[in-house]
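# Topology and contacts: notes
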Amino acid sequence: MEAEIDMAELGEKIVTVLKTIYDPEIPVDIYELGLIYDVFINEDREVKILMTLTTPNCPVAESLPMEVEDKVKSMKMIKDAEVEITFDPPWSQELMSEEAKLELGML
C-alpha cells in the first residue's frame, strides 16, 4: 500500500516539475497547455513521458523534450527518464486547462 502512495506522490512531484517548463512562445507551462499526454512510472522509478508539441516544426522541438527529460531525471527520487514525442492526437487548444485558457484570454 505504501508503494502506491509513493507512486502517486512521485507522480505529483513530476507534475510540479513539468509545471516549471514553459513553451517559449506561449506564457503558459507545458502541463497546463496540455502538451503532456501521459506519465508512466515503473517500480524501478524509471519515468516515461508521452508528450506532444504545439506544432511538429515547433522551434523548440529539439530542446523542449530534452529539458523535460533533464528536469525529471534530476529529481533525486527518479532513476531515469525518457520522453517520447507523439503527434497522435495532434495538439489543439481544447487540450489546454481552463487556467491556461484564462491566462491567454481565451475564456
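The name recorded for the protein chain in an unreviewed UniProt entry is SUF system Fe-S cluster assembly protein, from Aequorivita soesokkakensis.

### Structural notes on the nonpolar core
One finds L18, I49 and V72 to be the most contacted residues of the largest nonpolar core, which totals 27 residues. For this core, the leading source of residues is helix α1 (residues 2-18), giving 4 residues.

### Observations concerning helix α2 (residues 63-73)
Three or more residues of α2 are buried, namely L64, P65, V68, E69 and V72. Down the axis, α2 shows its buried residues gathered within 135° of arc, on one side only.

### Concerning the sheet that holds strand β3 (residues 80-85)
Spatial ordering of the open sheet is given by β1-β2-β3, a layout of 3 strands whose pairing is mixed. Lying at the two open borders of the sheet, with one neighbouring strand each, are β1 (36-41) and β3. Taken over all neighbouring pairs, the strand axes of this sheet differ in orientation by 15° on average, direction set aside. In this structure, β1 lies alongside strand β2 (residues 46-51), joined through 5 bridges in antiparallel fashion.

### Looking at the pattern of salt bridges
Throughout the structure, instances matching the rule amount to 8 salt bridges. Two residues, R45 and D6, come together in a salt bridge whose shortest N-O distance is 3.9 Å. A residue pair is termed long-range when its members are at least 10 positions apart, and R45 in the loop between β1 and β2 and D6 in helix α1 qualify at 39 residues. R45 sits in the partly exposed class, given a relative accessible area of 24%. Between K71 and E67 there is a salt bridge, with the nearest N and O atoms lying 3.4 Å from each other. Remark: E67 and K71 occur in helix α2; sequence separation between them is 4 residues, near one turn of the helix. Looking at E67, the relative accessible area reads 30%, which means it is partly exposed. Via salt bridges that share partners, E69, K73 and D80 belong to a single interconnected network.

### Description of the UniProt feature "domain: MIP18 family-like" (unreviewed entry) in the protein chain
Under the UniProt annotation, the feature "domain: MIP18 family-like" (unreviewed entry) is placed at residues 12-85. In residues 12-85, the share of helix is 24% and the share of strand is 24%. The end C-alpha atoms are 21 Å apart.

About the criteria used
- Residues numbered from 1 in each chain as written.
- Predicted model: local features only at pLDDT ≥ 70, side-chain atom pairs only at ≥ 80, totals over all residues.
- Heavy atoms only, no water.
- Core = buried A, V, L, I, M, F, W, Y, C linked by side-chain atoms within 4.5 Å.
- Buried < 20%, exposed > 50% of the residue type's maximum accessible area, 1.4 Å probe, protein only.
- Helix = DSSP H or I, 4+ residues; strand = E, 2+ residues; numbered from the N terminus.
- Arc of directions from axis to C-beta.
- Pairing = 2+ DSSP bridges.
- Axes fitted to C-alpha atoms, helices over the stretch in contact; angles between N-to-C directions.
- Salt bridge = Lys/Arg side-chain N within 4 Å of Asp/Glu carboxyl O.
- UniProt positions renumbered as here; feature names shortened; annotations may be inferred.

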